[in-house]
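# Survey of secondary and tertiary structure
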Amino acid sequence: MLPVVALVGRPNVGKSTLFNALTRSRDALVADLPGVTRDRHYGVCRLGARPFVAVDTGGLSGVDEGLDALTAQQVRLAIGEAQALVFVVDAREGLLPQDRGILDELRRSGKPIVLAVNKTDGLDVQGALAEFSRFGIAATLPLSAAHNRGTDDLVGALLPLLPEDAHEELAEGGDDSIRVAIVGRPNAGKSTLVNRLLGEDRLVVSDVAGTTRDPIRVPLERDGRRYTLIDTAGVRRKARVEEALEKFSVIKTLQSMAAAQVVVVMVDARENLADQDLTLIGHAVDEGRALVIAVNKWDGLDAYQREQCQRALERRLQFVEWAKVVFISALHGSGLRELMRAIVRAHAAATRTLGSADLTRTLEKAYENYQPPLVRGHAPKLRFAHPGGSNPPTIVIHGSRTKHIAPAYRRYLEGFFRQRYKLEGTPIRIEFREGE
Ligand code: GDP
Ligand code: GDP
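We now turn to the structure provided with this report. (Residues numbered from 1 in each chain as written. Chains lettered and ligands numbered in written order. Predicted model: local features only at pLDDT ≥ 70, side-chain atom pairs only at ≥ 80, totals over all residues.)

### Some words on the overall build of the protein
The helix and strand inventory of the protein stands at 15 helices and 16 strands. Residues counted as buried form 41% of the 436 residues belonging to the protein. Long-range contacts, defined as pairs at least 24 residues apart, comprise 73% of the intrachain contacts of the protein with a sequence gap of at least 6. (Helix = DSSP H or I, 4+ residues; strand = E, 2+ residues; numbered from the N terminus. Buried ≥ 20, exposed ≤ 12 C-beta atoms within 10 Å, placed from the backbone. Contact = placed C-beta atoms within 7 Å.)

### Describing the site of ligand 1
What surrounds ligand 1 is a group of 16 residues, the closest being Gly14, Lys15, Ser16, Thr17 and Ala146. With 3 residues, the single largest contributor to the shell around ligand 1 is helix H1 (residues 15-23). Looking at the shell around ligand 1 residue by residue, the classes come out as 4 nonpolar, 9 polar and 3 charged. (Near = placed C-beta within 6 Å. Nonpolar A, V, L, I, M, F, W, Y, C, P; charged D, E, K, R; others polar.)

### Observations regarding unusual backbone geometry
Put simply, Asn391 and Pro392 share a cis peptide bond, and its omega is 10°. One can find Pro392 in the loop between strand E14 (381-389) and strand E15 (394-400). At Asn148, a position not held by glycine, the phi torsion is positive, near 55°. Counting through the fold element by element, Asn148 comes out in the loop between strand E7 (140-142) and helix H5 (151-158). Notably, Asn272 is not glycine yet its phi reads approximately 50°, a positive angle. By secondary structure assignment, the location of Asn272 is in the loop between strand E11 (262-268) and helix H11 (275-286). Judged by local crowding, Asn272 falls into the partly exposed class, with 18 C-beta atoms found within 10 Å.

### A word on the site of ligand 2
Inspection of the region around ligand 2 gives 17 residues, with Gly189, Lys190, Ser191, Thr192 and Leu331 positioned closest. Elements with a minimum of two residues in the shell around ligand 2: helix H7 (190-198) and helix H9 (233-236). Counting residues per element, the shell around ligand 2 draws most heavily on H7, at 3 residues. Here the residues of the shell around ligand 2 sort into 5 nonpolar, 9 polar and 3 charged.

### Here's the deal with the environment of Arg420
Tracing the chain through its elements places Arg420 in helix H15 (residues 407-421). Take Arg420: there are 16 C-beta atoms within 10 Å of it, and that puts it in the partly exposed class. Measuring from C-alpha to C-alpha, the distance between Arg420 and Thr362 comes to 7.6 Å, with 58 residues separating the pair along the chain.

### A short note on the nonpolar core
Judged by nonpolar contacts, the single largest core of 111 residues is most densely connected at Phe87, Val180, Val265 and Val292. Counting residues per element, this core draws most heavily on helix H13 (residues 336-350), which supplies 7 residues. Leave out the neighbours within four places in its chain, and Phe87 touches Val8, Gly9, Ile102, Leu103, Leu106, Ile113, Leu115 and Ala116. (Core = buried A, V, L, I, M, F, W, Y, C linked by C-beta atoms within 7 Å.)

### Some points on H7
Along H7, the residues that are buried comprise Lys190, Leu193, Val194, Leu197 and Leu198. One face of H7 carries all of its buried residues, which in axial projection span an arc of 115°. (Arc of directions from axis to C-beta.)

### Notes on the sheet that holds E14
The mixed open sheet is built from 3 strands, whose spatial order is E14-E15-E16. Where the open sheet ends on each side, the last strands, each with one partner, are E14 and strand E16 (429-434). Across this sheet, the average inter-strand angle for adjacent strands is 25°, counted without regard to direction. Where E14 meets E15, 7 bridges bridge the pair, whose relative direction is antiparallel. Looking at E15, one finds that Lys381 is bridged to Ser400. Across the face of the sheet, helix H14 (residues 356-369) comes into contact with E14 and E15 while running at roughly 140° to E14. (Pairing = 2+ DSSP bridges. Axes fitted to C-alpha atoms, helices over the stretch in contact; angles between N-to-C directions.)

### Describing the sheet that holds strand E13 (residues 324-327)
Pairing is mixed across the open sheet formed by 6 strands, whose spatial order is E9-E10-E8-E11-E12-E13. Two strands close off the open sheet at either side, each with one partner strand: strand E9 (217-222) and E13. The average angle at which neighbouring strand axes cross in this sheet is 30°, direction not considered. Judged from the 4 bridges that link them, strand E12 (residues 290-296) and E13 form a sheet pairing that is parallel. From the neighbouring strand, Val292 faces E13, where its bridge partner is Lys324. The sheet contacts of helix H10 (residues 250-259) involve strand E8 (178-184), strand E10 (225-230) and E11, and relative to E8 the element is tilted by about 155°.

In structure tokens:
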């Protein structure tokens, strides 16, 4: 299970800049908490040896009134979820009274703290650090989030503070089952689907397990195949009181996506596709997971609505045109056979073994058909390819001037390999290496 790190500090100290540097995310996942003005943002940081979930908490002023009180409440929630805290301060403004107030709050949590003294670019770093040394925090580091300096050291200081991952062996595939995460916005129908798939007795068992911090893994057998459903919101529902407060738990969603091989994103057909659905899909792709999109509540739509919905899907899902879309009714149980088949296929594609000789032949063919545009009179050369991992299938290509290969050409290659190996239902990674 991915550990969680919260970024806290006054408004404007550079928390969201740091968040972006750590997660490099296209879009942050935002918790839907009605009535809260500043939302928490969530993303996965993969800069160090171990990934973790980073939470940008918005602002905390140290004054508990009005809008600030709301923000403070947000921050407290984030601190509650985190295993380690990054306290961000502004080297240019120096140590302000509010910083002290915030630190007191952080210390009360008893969680390990790393102090990031931000905006040290162009400043005397030692002088900047000296002012904040009064806080007496052992891990005090200079940072320039805007210039991406100090982020690696920050991650290096954080990792030893995080709890060990007890489930690593499971994440690596302790058995032969397909690990599936079913994610989606509140009311998409996740629990209804899980209930359908498992039957009521199983759910009672999982309720007991749900009292711990550990992710729940529920075994499922269908048509002679074994699956493990990971930490599905639907499985947890009855066990967790907190979920009443935050029904859509972004952290659990990110954690279960990270532990799964195949992610099923459930969307409500009656709402076409919401931005949050697209963000979820984008995250599954960024994580390299095999992907199936389940359009639920298909039973409730008339012919006209179905056509509207299909059109919206076609338009907005172009960036994952390789992903299978299945139309289901979790309530009535229709489409589930097709859903399971799509999961099995996506898993097979994501874990397929590709051979170096064959990959190189395919690369040569792709290069013959269409060469990358010249860079200052020279064509980038692509010499040979070999596999670099699976789930997602990764293809390493060696050549020269590969730095200059444009995104469009990379996409062309991806499409070529995808077609050749019928890699449907999974993202593909292409990595270029200079030289032999
Ligand atoms: P937040 O309110 O804590 O999330 O702060 P932001 O990330 O929105 O940053 C506030 C302002 O500080 C923005 O104008 C950033 O461009 C600027 N900023 C952030 N990091 C740095 C830094 O490392 N150096 C400098 N000079 N400015 C920064
Ligand atoms: P979750 O928040 O994603 O776990 O969603 P739930 O499983 O709790 O479902 C939310 C609501 O949608 C409930 O009232 C369900 O009965 C309803 N629902 C779920 N699946 C379907 C379906 O396939 N068709 C229809 N018409 N309603 C459904």
